[in-house]
Amino acid sequence: MASRFLGRHIITAKQFTREDLHQIFQHALEMRRIVTTEGATSLLHGKMLALIFYEASSRTLGSFDAAAKRLGAETIIPSPGMHYSSVIKGENLSDTVRTFEALSDALVLRHPKRGSAAEAARVLRKPLLNAGDGDGEHPTQALLDLFTIFLRRGAIDGLTFVMAGDLRYGRTIHALFYLLRHYRVKIHLVAPEPLGLTLDHWKEFHGLGLDLTEYQTLGSAMGCADVLYVTRVQKERFPDRPELFEQVRGSYVVTPALLDQAKDDLVLMHPFPRNDEIAPEVDQDPRAAYFEQIENGLYVRMALLGLVLGKI
Ligand code: ASP
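Let me sum up the structure you'll find in this document. (Residues numbered from 1 in each chain as written. Predicted model: local features only at pLDDT ≥ 70, side-chain atom pairs only at ≥ 80, totals over all residues. Heavy atoms only, no water.)

## What about the pattern of salt bridges?
According to the stated counting rule, one finds 20 salt bridges in the structure shown. We note a salt bridge from glutamate 38 to arginine 33, for which the minimum N-O separation is 3.4 Å. Given a relative accessible area of 37%, arginine 33 falls into the partly exposed group. A salt bridge links glutamate 243 to arginine 241; the shortest N-O distance between them is 3.7 Å. Arginine 241 sits in the partly exposed class, given a relative accessible area of 40%. Three or more residues joined by partner-sharing salt bridges are found here, namely Arg153, Asp226, Lys263 and Asp265. (Salt bridge = Lys/Arg side-chain N within 4 Å of Asp/Glu carboxyl O. Buried < 20%, exposed > 50% of the residue type's maximum accessible area, 1.4 Å probe, protein only.)

Below, the structure is given as structure tokens:
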């Protein structure tokens, strides 16, 4: 039976049901088994994936590229980045993605404008995966985040989350909230004042049934956290206000001393890149899960590619 993901775009974390998440995680576990025992498979042999990135990326680009190759597919990456593509000649997004659609079987798009993935998908017949649309969403990151928590804790229901950092512009947080609405969780928010959730987001997440509470400091929220998810200040989203970055940087930093107040089985997460939010000494702490997130992203993206291309 064909998967219900066959040929579908992956645009927003809102599109997944709880059952979808379970299905993706089962496939991701199988991908982990394949990678750790055999290294690769020929499941997507003969397929081509176009990776169209208009914004900086290390992990997401590398992860999709590795996922495609571990599945036996090939990738096209306009090199070095879209700045050298016809975009500088004024080509619009629609023509660019249709060009790469003609050359590939599926596309991955990262773009600085919120809504750009949905906009691009409207002109495509082949599946497009959103790899981050401005301050909108980053659905594949949310999936790998949830998968990491699932692997560490065995279940999501009943957990208390502390989400710290740039909640206003942090697209990974927005996407994760859309997944968490399927679970019975508590969410504590810690953000420097100008970077809290917007009123619209607050109302939306509340309307989805999320149990949200604001805290002033990380210290005050630490004791009850099962998951601490930290993000960097997204300074590229407010380039005309450099003073804001200086004002808020360093206002929440995870140190070994702070972790002394946390539970022993805390899951400490960050989508990376990090700036000053997590001290390097913390990397040795077994509660730090951020490098695991990167590894798990490979398995989740392999699963997604297999699903949208109808091979699993
Ligand atoms: N890498 C993540 C993203 O693309 C987080 C970040 O950039 O801070 O959204």
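## Examining the sheet that holds strand E4 (residues 128-133)
Sheet strands pair via backbone hydrogen bonds, and the direction of the pair is either parallel or antiparallel. In spatial order, the strands read E2-E1-E3-E4; together these four strands make up an open sheet with parallel pairing. Of all strands in the sheet, those with a lone pairing partner are strand E2 (74-76) and E4, marking the two edges. For this sheet, the mean inter-axis angle between neighbouring strands, taken without regard to orientation, is 20 degrees. When strand E1 (residues 48-53) meets strand E3 (residues 106-111), the two strands line up parallel, connected through five bridges. Bridge pairing in E3 links leucine 51 to valine 108. Sheet contacts for helix H3 (residues 93-103): E1, E2 and E3; angle to E3, the most-contacted strand, approximately 150 degrees. (Pairing = 2+ DSSP bridges. Helix = DSSP H or I, 4+ residues; strand = E, 2+ residues; numbered from the N terminus. Axes fitted to C-alpha atoms, helices over the stretch in contact; angles between N-to-C directions. Contact = heavy atoms within 4.5 Å.)

## Side note on the nonpolar core
Buried together is how nonpolar side chains tend to be arranged in soluble globular proteins. Core analysis: the largest hydrophobic core is formed by 65 residues, its most contacted members being Ile24, Leu146, Phe161, Met163, Phe177, Leu180 and Ile187. In terms of residues, this core owes the most to one element, helix H11 (residues 290-308), which gives nine residues. When sequence neighbours within four positions are dropped, the list of residues in contact with phenylalanine 177 reads Met163, Ile187, Leu189, Leu197, Phe205 and Leu210. Listed in part, the 29 residues of the second largest apolar core include Tyr169, Tyr252, Val254 and Leu268. (Core = buried A, V, L, I, M, F, W, Y, C linked by side-chain atoms within 4.5 Å.)

## A short note on the site of the ligand
Every residue near the ligand is listed here: Arg110, His138, Arg171, Thr172, Arg232, Gln234, Pro271, Phe272 and Pro273. Side-chain polar atom of arginine 171 to an oxygen atom of the ligand: 2.8 Å apart, as the coordinates give it. Side-chain polar atom of glutamine 234 to an oxygen atom of the ligand: 2.9 Å apart, as the coordinates give it. Isolated, the ligand exposes 260 Å² of accessible area, and the fraction of that covered by the protein chains is 92%. (Near = heavy atom within 4 Å. Polar contact = N/O pair within 3.5 Å; in protein donor to acceptor, adjacent residues only side chain to side chain. Areas by Shrake-Rupley, 256 points an atom, 1.4 Å probe, with all protein chains shown as cover.)

## Overview of the sheet that holds strand E9 (residues 267-269)
Across the sheet, which stays open at both edges, the five strands sit in the order E7-E6-E5-E8-E9 with parallel pairing between neighbours. At either margin of the open sheet sits one strand with a lone partner, and together these are strand E7 (211-215) and E9. Pairwise comparison of adjacent strand axes, ignoring direction, gives a mean angle of 20 degrees for this sheet. Relative to strand E6 (residues 186-190), strand E5 (residues 160-164) runs parallel, the two being bridged by five bridges.

## So, the packing of aromatic side chains
All told, the structure shown has nine aromatic pairs when counted by the stated rule. Ring geometry for phenylalanine 177 and phenylalanine 205: centres 4.8 Å apart, planes at 85 degrees, overall edge-to-face. Here the residue phenylalanine 177 occupies a position in helix H6 (residues 171-180), and phenylalanine 205 occupies one in helix H7 (residues 199-207), the gap between them amounting to 28 residues. Grouping residues by exposure puts phenylalanine 177 and phenylalanine 205 together as buried. Joined through ring pairs, the aromatic side chains of Phe25, Phe147 and Phe150 make up one cluster. (Phe/Tyr/Trp six-rings, centres within 6.5 Å; stacked < 30°, edge-to-face > 60°.)

## Some thoughts on the environment of alanine 50
Assignment of secondary structure puts alanine 50 in strand E1. Measuring from C-alpha to C-alpha, the distance between alanine 50 and threonine 231 comes to 28 Å, with 181 residues separating the pair along the chain.

## Notes on unusual backbone geometry
Glycine aside, residues mostly have negative phi angles, and peptide bonds mostly take the trans form. Of note, the amide linkage connecting phenylalanine 272 to proline 273 takes the cis form, showing an omega dihedral of 5 degrees. One can find proline 273 in the loop between E9 and H11. The backbone phi angle of phenylalanine 272 is positive, close to 65 degrees, even though this residue is not glycine. Within the fold, phenylalanine 272 resides in the loop between E9 and H11.

## Structural notes on the packing of helix H5 (residues 139-153) against H6
For any two helices packed against each other, one specifies the inter-axial angle together with the distance between the axes. One way to put it is that H5 packs onto H6 with a least axis distance of 8 Å and a crossing angle of 60 degrees. Regarding the angle of H5 to H6, the classification is oblique. As for the relative orientation of H5 and H6, their crossing is right-handed in sense. Residues Pro139, Gln141, Ala142, Leu143, Asp145 and Leu146 of H5 pack against Thr172, Ala175, Leu176, Leu179 and Leu180 of H6. Class assignment of the residues belonging to the contact of H5 with H6 gives a composition of eight nonpolar, two polar and one charged. (Parallel < 35°, antiparallel > 145°, perpendicular 65-115°, else oblique. Left-handed = near helix turned anticlockwise from the far one by under 90°. Nonpolar A, V, L, I, M, F, W, Y, C, P; charged D, E, K, R; others polar.)

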